There are 2 protein chains.
Amino acid sequence: MESDYGLARELSALQKKRTQYQPELPPCLQGTTVRVEYGDGTTTVDPSSSHVISHAFPCTYGQPLAHFLRPSTKVSDAQIITDHPVIRVGVVFCGRQSPGGHNVIWGLLNAVKSHNPGSIMLGFLGGTEGLFAQKTMEITYDILSSFKNQGGFDLLGRTQDQIRTSEQVNAAKAACEALKLNGLVIIGGVTSNTDAAHLAETFAETNCQTKVVGVPVTLNGDLRNQFVETDVGFDTICRVNSQLISNICLDALSAEKYYYFIRLMGHKASHVAVECALQSHPNMVFLAEEVAMSKFNLFDITKQISDAVQARAEQGKYHGVILIPEGLVESIPELFALLQEIHGLQSQGVDMESISSHLSPWASALFEFLPPFIRKQFLLPPESDNSAQFSEIEIEKLLAQLVDAEMNKRMKEGTYKGKKFNPICHFFGYQTRGSLPSKFDCDYAYVLGHICYHILAAGLNGYMATVTNLKHSVEKWRCGATPITAMMTVKQYSGGPGAIPIRKPVLHPTQVDLKGKVYEMLRQNAYSFLMDDLYRNPGPLQFEGPGTDVKSYTLCVEDQDYMGRIKKLQNYLDKVRCIVKPGCSPEILKAALSSMASVTEVLTVMSTPKSNGHILL
Amino acid sequence: MESDYGLARELSALQKKRTQYQPELPPCLQGTTVRVEYGDGTTTVDPSSSHVISHAFPCTYGQPLAHFLRPSTKVSDAQIITDHPVIRVGVVFCGRQSPGGHNVIWGLLNAVKSHNPGSIMLGFLGGTEGLFAQKTMEITYDILSSFKNQGGFDLLGRTQDQIRTSEQVNAAKAACEALKLNGLVIIGGVTSNTDAAHLAETFAETNCQTKVVGVPVTLNGDLRNQFVETDVGFDTICRVNSQLISNICLDALSAEKYYYFIRLMGHKASHVAVECALQSHPNMVFLAEEVAMSKFNLFDITKQISDAVQARAEQGKYHGVILIPEGLVESIPELFALLQEIHGLQSQGVDMESISSHLSPWASALFEFLPPFIRKQFLLPPESDNSAQFSEIEIEKLLAQLVDAEMNKRMKEGTYKGKKFNPICHFFGYQTRGSLPSKFDCDYAYVLGHICYHILAAGLNGYMATVTNLKHSVEKWRCGATPITAMMTVKQYSGGPGAIPIRKPVLHPTQVDLKGKVYEMLRQNAYSFLMDDLYRNPGPLQFEGPGTDVKSYTLCVEDQDYMGRIKKLQNYLDKVRCIVKPGCSPEILKAALSSMASVTEVLTVMSTPKSNGHILL
């Protein structure tokens with residue numbers, strides 16, 4: 001099977017053209033020398049978690065941020081790395097494929113070879129399975145040539161497996177040692193980067209010489225935090241989805257008789273749905289985060305849609321487009337509780353056929369109320385992260401049927417006097433995931449690949465490659481590396497009966513911030529989107545001309561550049577130290593002391609863990 | 001409701017850029033004068049039908065072909081149209097929306113206004129309903145500005161209604177007379193153009209002064225015959241579908257564990273499936289035409305797919321992509337017969353709930369064998385053309401389930417030893433129909449719009465605008481007009497019990513030619529597509545760079561330019577007449593007579609209707 005990996009493929013004219021595109025590098029990575037500046041040691045966003053995390057990661061917790069700078073940059077205590085011995089680097093695709101993944105490998109190869117042509121880069125075949133089994137292919141420019149700027153993970157393939165059990169960790173370690181790897185680069189989302197952090201810790205504890213580096217690549221857009229502005233693939237996924245949603249909107253507007261219910265991939269968080277809504281202006285979008293916060297149940301949502309259908313009918317409009325993120329199913333309280341019961345019974349070994357007879361009375365009543373197709377889908381075993389199999393659960397179809405029943409009821413009762421409600425359901429899943437990557441994702445992934453090399457050259461372990469200031473053009477991007485542990489949080493899942501409570505520090509998928517600017521923007525437009533059909537078509541992905549360099553709202557609207565702001569704070573502290581040198585006037589010292597006392601007090605209060613030990617996320 | 005039509009919309013950067021694209025015109029339509037050359041009177045492809053058609057269309061059958069030429073072209077008996085009085089033209093979108101439709105209107109407006117700025121163009125709002133109700137909007141450059149080169153039919157909207165009953169025909173006539181229209185342009189597919197022909201005949205018979213013109217616009221690709229090389233929208237639909245299919249292929253190749261069953265729109269014919277398969281090289285494609293010819297039943301198809309899955313598993317491959325045209329459901333003999341029975345019972349007024357108890361024993365057995373979801377879909381009432389509601393019948397899901405059951409059976413029996421078969425189903429329908437049109441469809445539709453004007457200026461009635469030589473660049477395109485009756489055939493449907501047999505001359509959807517070059521190309525590659533994963537990604541729609549001017553295989557591979565070849569024949573006949581003028585040598589006359597006698601004899605035999613009166617189509 002593995003003999004097929006890395007084979008040259010027949011490329012279309014456009015694919016060929018795309019292979020010829022050379023992503024830019026930001027100024028700090030151009031040339032052969034890079035200066036590394038270290039920031040302060042890192043902590044975590046939730047002060048109450050820091051001791052749990054530091055306990056779990058004694059070797060790798062608290063490491064400093066690293067900034068990669070131009071060699072000419074005047075920073076006193078930065079380290080210029082001039083020695084570039086031959087190194088051996090392994091790379092593995094973990095988790096689900098995401099457009100742009102191949103460019104991480106290309107960027108890495110480019111950096112590895114340009115610093116020492118004798119260095120070797122090995123790709124693990126078939127994801128973590130290849131890692132455990134030590135199945136590798138040497139990555140060369142020749143092999144890469146038809147994969148540059150292309151979608152998919154098919155150069156190496158991937159599995160969905162994790163590196164978690166001690167058996168798996170040991171196999172990974174054995175592979176790194178047998179292959180004499182100086183570095184192992186793990187490409188993936190929150191789960192894979194959590195695994196990368198654990199692997200780095202184990203390697204450090206057991207004196208394995210391989211350094212582990214993570215790269216944020218996931219189409220869900222949920223590997224996002226103060227250090228990571230967006231992940232590779234999200235931009236492409238949103239653009240391709242928006243193209244298709246816009247097509248559907250135009251179709252709705254032309255035919256004027258259908259309501260489209262479109263389910264979007266994106267796992268538990270609704271980032272993809274938010275971005276697509278802002279790009280293409282459908283009539284409605286439900287966010288898992290919003291539904292969970294408002295505790296809307298199935299009937300609330302049905303009523304909301306039905307009322308919208310009715311309001312539009314009163315304006316003579318019998319068409320519409322509604323976006324449903326796949327994760328919605330777990331944010332509707334009663335459905336989540338039902339799923340938890342089912343998964344609990346499954347983990348106790350109750351077989352599929354008899355599950356419904358073991359449910360609690362209320363869950364059983366709900367289960368029987370659901371149409372047969374969705375009952376069957378609810379009985380599917382959960383994913384490895386305990387979530388439901390979102391891609392298999394047709395929540396959009398369930399909602400369409402419920403709204404249909406409600407509209408028929410209103411029609412019979414005479415409260416709805418419009419034409420018949422016609423729903424059509426679509427699932428936009430796998431057809432976007434394999435897309436050619438957008439220019440942004442090509443550039444971003446390529447730069448991240450380069451950074452991975454510099455992380456290894458600096459001898460860092462357990463770091464994630466990061467680029468900030470992404471909303472600006474490439475020459476303004478700032479490159480750095482962050483200890484993965486600094487992005488971790490500890491959440492306690494209550495879980496259903498039978499579920500194992502999880503207290504481990506992990507990278508949690510970041511939810512849509514309901515207090516953020518992106519959400520606000522969506523809410524401000526919600527009514528006009530609903531009623532006025534302001535459909536907008538960003539069109540198919542381009543590499544030239546208008547629309548090429550448009551970046552996602554999700555990336556551009558929020559305040560970003562946390563790393564830049566951290567650096568700015570350091571500058572302030574340095575300046576104070578510089579002004580208040582021994583010998584300065586007592587007035588200046590007094591002013592400094594009084595100001596700093598008040599600043600310190602405020603920050604201490606803000607940083608103290610709350611007494612009940614819970615945090616809101 | 002109609003107040004929303006033609007409103008300016010918020011356009012994205014790319015949409016704006018597209019509105020600025022100015023399609024080219026072929027040389028014959030540049031400038032202000034156009035020369036019209038008439039060919040011989042037309043007949044139909046099936047000699048046995050010609051008397052039925054001529055009987056149904058006494059006024060409009062047998063009219064000559066028209067060719068539009070540059071004024072400088074040296075054709076002795078061509079007519080130069082120099083008089084361009086003020087005219088009033090109505091235009092209506094009929095049937096399903098198809099990318100490029102708006103450009104027909106733009107081209108027409110451009111031709112109308114450039115020949116006489118005083119002329120008026122009216123668009124009917126909401127399709128045929130607007131026509132019957134005389135709801136119009138004057139089409140101006142201002143209103144058109146945000147619809148140029150855009151997808152959808154939303155400038156005017158559309159309905160699915162036909163112009164068929166005498167009530168509808170009379171309403172259309174009343175509208176044309178009340179609005180003093182010189183011409184009515186009907187934009188649509190086979191059904192709408194059939195209606196256009198009937199309307200033209202009625203208008204001619206009843207001395208209505210409005211001339212009726214048809215334009216071939218349908219995404220199914222089935223309005224295709226010796227005069228019409230392709231229809232507007234087909235190119236875009238195939239490109240957008242191919243982009244998505246390719247994305248799925250890459251996803252399959254990256255994850256290596258899913259079989260994707262993708263249902264494609266395209267109605268009864270499988271043109272879209274053929275073209276997409278040639279563009280993106282999925283592992284398998286089923287054609288409705290092939291299945292119908294081979295009389296494959298559900299089990300044959302299940303076995304074919306299962307065998308393919310098994311053969312791939314033996315090579316370590318557990319992924320694949322299979323294209324299923326929506327029309328397949330009616331080409332599987334037993335499913336078609338079952339649908340016929342159901343539709344027959346429905347037309348007798350048997351209600352949904354009791355249909356299954358009225359079925360014949362064999363049909364009832366089959367019906368009960370089918371999974372509940374598809375039973376429900378089979379009970380939907382048929383479309384206005386008596387076909388099943390293809391877009392609602394999840395035939396891909398049925399096949400996936402049957403293959404799943406078969407693979408499980410083989411696994412239990414020990415004949416299949418591979419990993420579990422994992423199918424995922426997708427329907428690529430409405431998300432492609434509203435796409436921005438391809439450059440080809442923009443150009444083609446715009447030129448067709450121009451031709452409509454010249455047809456009206458020449459005073460022709462019951463014609464369709466045609467462009468031939470389309471596989472070459474625009475400057476080589478040949479523009480003409482063909483009597484719609486010359487494209488008609490008469491087919492006798494046997495129908496199921498209760499179905500009304502149809503003997504009327506109509507434009508039938510053209511099937512994929514199983515003796516044609518396109519099909520041959522597909523078959524030649526079938527095995528390597530199946531086994532070798534030669535996936536290819538034509539990429540997202542571009543207006544610049546590689547891939548922009550690539551035309552469909554369906555258009556380029558077959559011998560086309562029937563109109564050109566008809567003209568060539570006329571040249572030969574003219575030459576013979578010229579050489580064998582009275583006074584020529586007896587030897588020449590003898591040679592001519594003998595040669596022409598043999599040619600005439602061969603052609604007479606070939607053109608004589610077969611004795612049983614049936615034709616194979």
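Data block above holds the structure.
Now for a quick tour of the structure. (Residues numbered from 1 in each chain as written. Chains lettered and ligands numbered in written order. Predicted model: local features only at pLDDT ≥ 70, side-chain atom pairs only at ≥ 80, totals over all residues. Heavy atoms only, no water.)

Some points on the sheet that holds strand β12 (residues 423-428) of chain A
Residues and elements named next belong to chain A.
Consideration 1: Read from one edge to the other, the open sheet built from four strands follows the order β10-β11-β9-β12, with strand pairing classed as parallel. With one partner strand each, in any of the chains shown, β10 (284-285) and β12 form the two edges of the open sheet.
Consideration 2: Judged from the six bridges that link them, strand β9 (residues 259-264) and strand β11 (residues 320-325) form a sheet pairing that is parallel. Bridged to Arg263 within β11 is Ile324.
Consideration 3: The sheet contacts of helix α8 (residues 234-255) involve β9, β11 and β12, and relative to β9 the element is tilted by about 170°. (Pairing = 2+ DSSP bridges. Helix = DSSP H or I, 4+ residues; strand = E, 2+ residues; numbered from the N terminus. Contact = heavy atoms within 4.5 Å. Axes fitted to C-alpha atoms, helices over the stretch in contact; angles between N-to-C directions.)

Side note on the pairing of strand β7 (residues 183-188) of chain A
For a regular strand, the rule is simple: side chains alternate between the two faces of the sheet.
Residue and element names in this part refer to chain A.
Consideration 1: Taking burial as the measure, the six residues of β7 include six buried ones, the bulk of the element.
Consideration 2: Burial along β7 is two-sided: the residues Gly183, Val185 and Ile187 and Leu184, Ile186 and Gly188 are all buried.
Consideration 3: One ladder, built from five bridges, connects strand β4 (residues 88-93) with β7; its direction is parallel. When the bridges of β7 are listed, Val91 appears paired with Val185.
Consideration 4: Pairing of β7 with strand β8 (residues 211-216) involves six bridges; the strand directions are parallel. Bridge pairing in β8 places Ile187 opposite Val215. (Buried < 20%, exposed > 50% of the residue type's maximum accessible area, 1.4 Å probe, protein only.)

Here's the deal with unusual backbone geometry
Consideration 1: Residues other than glycine seldom take positive phi values, yet Glu256 of chain A does so here, at roughly 55°.
Consideration 2: Examined against the element boundaries, Glu256 of chain A turns out to sit in the loop between α8 and β9.
Consideration 3: On the accessibility criterion, Glu256 of chain A (14% relative accessible area) is buried.
Consideration 4: Even without being glycine, His267 of chain B reaches a positive phi, approximately 60°.
Consideration 5: Here His267 of chain B shows up in the loop between β9 (259-264) and α9 (271-280).
Consideration 6: For His267 of chain B, a relative accessible area of 12% translates into the label buried.

Considerations on the interface of chain B and chain A
Consideration 1: Listed as interface residues are 66 residues of chain B and, on the opposing side, 66 residues of chain A.
Consideration 2: Contact between chain B and chain A buries roughly 5300 Å² in total, counting both sides, with carbon and sulfur atoms accounting for 51%.
Consideration 3: Counting every contact that joins chain B to chain A gives four salt bridges.
Consideration 4: As a salt-bridge pair, Glu394 of chain B and Lys397 of chain A come within 3.0 Å of each other at their nearest N and O atoms.
Consideration 5: For the pair chain B and chain A, the number of links is 21 residue pairs in polar contact (both at pLDDT 80 or more).
Consideration 6: A per-element tally of the side of chain B that touches chain A places helix α8 (residues 234-255) of chain B first, with 10 residues. (Buried area = accessible area lost by both parts, 1.4 Å probe. Salt bridge = Lys/Arg side-chain N within 4 Å of Asp/Glu carboxyl O. Polar contact = N/O pair within 3.5 Å; in protein donor to acceptor, adjacent residues only side chain to side chain.)

Overview of the packing of aromatic side chains
All names here are of chain B.
Consideration 1: As enumerated under the stated definition, the model contains 26 aromatic pairs over all chains in all.
Consideration 2: On the basis of an interplanar angle of 90° and a centroid distance of 5.2 Å, the ring pair of Tyr21 and Phe543 is categorised as edge-to-face. A residue pair is termed long-range when its members are at least 10 positions apart, and Tyr21 in the loop between α1 (13-19) and β1 (34-41) and Phe543 in the loop between α20 (517-532) and α21 (553-556) qualify at 522 residues. For the pair formed by Tyr21 and Phe543, the shared burial category is buried.
Consideration 3: Ring plane angle 70° and centroid distance 6.0 Å describe the contact between Phe440 and Trp477, whose orientation is recorded as edge-to-face. Of the two residues, Phe440 is situated in helix α19 (residues 439-457) and Trp477 in the loop between β13 (463-468) and β14 (478-483); the sequence distance between them amounts to 37 residues. The burial state of Phe440 is the same as that of Trp477; both residues are buried.
Consideration 4: For the cation-ring pair, Arg263 lies above Phe427, with the distance from its terminal atom to the ring centre recorded as 3.9 Å. (Phe/Tyr/Trp six-rings, centres within 6.5 Å; stacked < 30°, edge-to-face > 60°. Lys NZ or Arg CZ within 6 Å of the ring centre and 35° of its normal.)

Let's talk about the pattern of salt bridges
Consideration 1: In the structure shown here, the tally under the stated rule is 38 salt bridges over all chains.
Consideration 2: Here Glu383 of chain A and Arg96 of chain A are joined by a salt bridge, their closest N and O atoms 3.5 Å apart. Of this pair, Glu383 of chain A sits in the loop between α16 (372-378) and α17 (395-413) while Arg96 of chain A sits in the loop between β4 and α3 (101-115), and the two are 287 residues apart along the sequence.
Consideration 3: Judged by its relative accessible area of 33%, Arg96 of chain A is partly exposed.
Consideration 4: We note a salt bridge from Arg239 of chain B to Asp235 of chain B, for which the minimum N-O separation is 3.2 Å.

Just geometry here; none of it tells us what the structure is for.
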